[in-house]
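Take a look at the letters that make up each chain.
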Amino acid sequence: MLIDSHAHLGSLEDIDQAVQNAADNSVSYIINMSSDLPSAHQTLGFTEKYSGVYGAVGIHPHEAKTYSPLVFSEISSLTSNNKIVAVGETGLDYYYDFSPREIQKESLQKHIELSIETNLPIVIHVRDCEDDVKEMLKENSCKQLQGVIHCFTGDYESALLYIELGFYISFSGILTYKRSKDLRDVARKLPLERILVETDSPYLAPVPYRGKKNQPAYVKYVAETLAEVTDKSFEQVSEITTNNCKELFGIP
Ligand SMILES: [Zn+2]
Ligand SMILES: [Zn+2]
């Protein structure tokens, strides 16, 4: 059994089929992310429709320009639903800069506070902004703040720092790409007890589907690569990452 710890079902063409394909490939659970208020409501709908789908509610850094206290209080109210298991995705993205950086930071700070207040883990997106994310996580670090750095592409020292701050490291299809040798070296050295696997569907399809539309069923290719680099069996990696994901998101 596997869990896709990060997907955007709302951006897939045939959602019923994708959820079915996941189940057919032993991907028992999917954690669906939100990007803004409408997609947070949509996420809640998916969790009601599909028994294997859990959700996260939040505002993606690209959409941080839609942040307002009113929007955020509505998003916060959705966390009381018991299939909403995380806050996110949030974070910072200075590569695309689709929202002003100050607003991205304000939004991330509010998500961190919501995560602490609700005791729900936070899902963080990091792109070309590592120093600011590290600083904000250090400033807010406390026992209640837990989460995952999703689609991790950083170096070993950064991964260790995040783990020290209470975070898991999640690997996506990028781990399977030929050029990602350095990332595989990082994965090899990290404790498997702190690693999750994800697809970030419909983006970042792993080899052998690179360049095509991704779907949660393909998380098995990420787990296969992780098994190769850590010299464990596919079954061991599946079991450990599934347990990690259940532990973090409180899934029974
Ligand atoms: Zn992301
Ligand atoms: Zn995402």
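Residues numbered from 1 in each chain as written. Chains lettered and ligands numbered in written order. Predicted model: local features only at pLDDT ≥ 70, side-chain atom pairs only at ≥ 80, totals over all residues. Heavy atoms only, no water.

Moving on, we come to the overall build of the chain. Each helix and strand counted, the chain has 9 helices and 8 strands in total. The C-alpha radius of gyration of the chain comes to 16 Å, within 12% of the 18 Å expected for a compact globule of 252 residues. Dimensions of the chain, computed from the C-alpha atoms along their principal axes, are close to 45 × 40 × 35 Å. Among the 252 residues that make up the chain, the fraction classed as buried is 59%. A fraction of 71% describes how many contacts in the chain between residues 6 or more apart in sequence connect residues 24 or more apart. When the accessible surface of the chain is split by element, carbon and sulfur atoms take 47% of a total near 10,900 Å². Considering the chain, the positive charge centre built from 23 side chains and the negative charge centre built from 36 side chains are found 5 Å apart. (Helix = DSSP H or I, 4+ residues; strand = E, 2+ residues; numbered from the N terminus. Rg over C-alpha atoms; globule rule 2.2 N^0.38 Å. Buried < 20%, exposed > 50% of the residue type's maximum accessible area, 1.4 Å probe, protein only. Contact = heavy atoms within 4.5 Å. Areas by Shrake-Rupley, 256 points an atom, 1.4 Å probe, with all protein chains shown as cover. Lys, Arg positive; Asp, Glu negative; His and termini not counted. Charge placed at Lys NZ, Arg CZ, Asp CG, Glu CD.)

Right, let's talk about the packing of aromatic side chains for a bit. Counted according to the given criterion, the structure contains 10 aromatic pairs. Here the aromatic rings of Tyr67 and Phe72 are separated by 5.8 Å at their centres, their planes lie at 55°, and the arrangement is tilted. The two residues Tyr67 and Phe72 agree in class, both being buried. Members of the aromatic cluster, each reached through a chain of ring pairs, are Tyr95, Tyr96 and Phe98. Taking the ring centre of Tyr94 as reference, the NZ or CZ of Arg101 above it sits at 4.1 Å. (Phe/Tyr/Trp six-rings, centres within 6.5 Å; stacked < 30°, edge-to-face > 60°. Lys NZ or Arg CZ within 6 Å of the ring centre and 35° of its normal.)

Let us now look at helix H7 (residues 181-189). If you check which residues of H7 are buried, you get Leu183, Arg184, Val186 and Ala187. For H7, the angular spread of buried residues about the axis comes to 155°, placing them on one side. Turned more than 90 degrees away from the buried face of H7, the exposed residues are Asp182 and Lys189. Where the residues of H7 are buried, they touch helix H6 (156-164), strand E7 (167-171), strand E8 (195-197) and helix H8 (219-230). (Arc of directions from axis to C-beta.)

The next point concerns the coordination of the zinc ion (ligand 2). With distances of 2.0 to 2.4 Å, the protein atoms coordinating the zinc ion (ligand 2) are His6 (NE2), His8 (NE2), Glu89 (OE) and Asp200 (OD). Around the zinc ion (ligand 2), the 4 donor atoms are arranged such that angles at the metal cover 87 to 175°; this shape is classified as irregular. Coordination of the zinc ion (ligand 2) draws on donor residues from a single chain, spaced H-x1-H-x80-E-x110-D in sequence. Taken as an interatomic distance, the gap from the zinc ion (ligand 2) to the zinc ion (ligand 1) is 3.3 Å; Glu89 donates to each of them. (Donors = N, O, S within 2.8 Å, 3.2 Å for Na, K, Ca; no water. Tetrahedral: all angles 85-135°; square planar, octahedral: opposite > 155°, others 65-115°.)

With that out of the way, let us pick up the side chain of Ser172. Note on placement: Ser172 falls in the loop between E7 and H7. Leave out the neighbours within four places in its chain, and Ser172 touches Cys151, Glu198, Leu204 and Val222.

With that out of the way, let us pick up the sheet that holds strand E4 (residues 84-93). A sheet is described by the order of its strands in space; here 8 strands give the open sequence E1-E2-E3-E4-E5-E6-E7-E8, paired in parallel fashion. This sheet does not close on itself; its edge strands, each paired only once, are strand E1 (2-7) and E8. When the angles between neighbouring strand axes are averaged without regard to direction, this sheet yields 30°. Of the pairings in the sheet, the one linking E7 to E8 comprises 3 bridges and is parallel in character. In the strand pairing of E8, Ile169 is matched with Ile195. Contacts from helix H9 (residues 234-249) reach E1, strand E2 (27-32), E4, strand E5 (122-127), strand E6 (147-150), E7 and E8, with the element oriented near 55° to E1. (Pairing = 2+ DSSP bridges. Axes fitted to C-alpha atoms, helices over the stretch in contact; angles between N-to-C directions.)

Attention now moves to the coordination of the zinc ion (ligand 1). Protein-derived ligands of the zinc ion (ligand 1) are Glu89 (OE), His125 (ND1) and His150 (NE2), with the metal-ligand distances lying across 2.0 to 2.2 Å. Along the chain, the residues that donate to the zinc ion (ligand 1) are spaced as E-x35-H-x24-H.

All we've got here are geometric facts, nothing functional implied.
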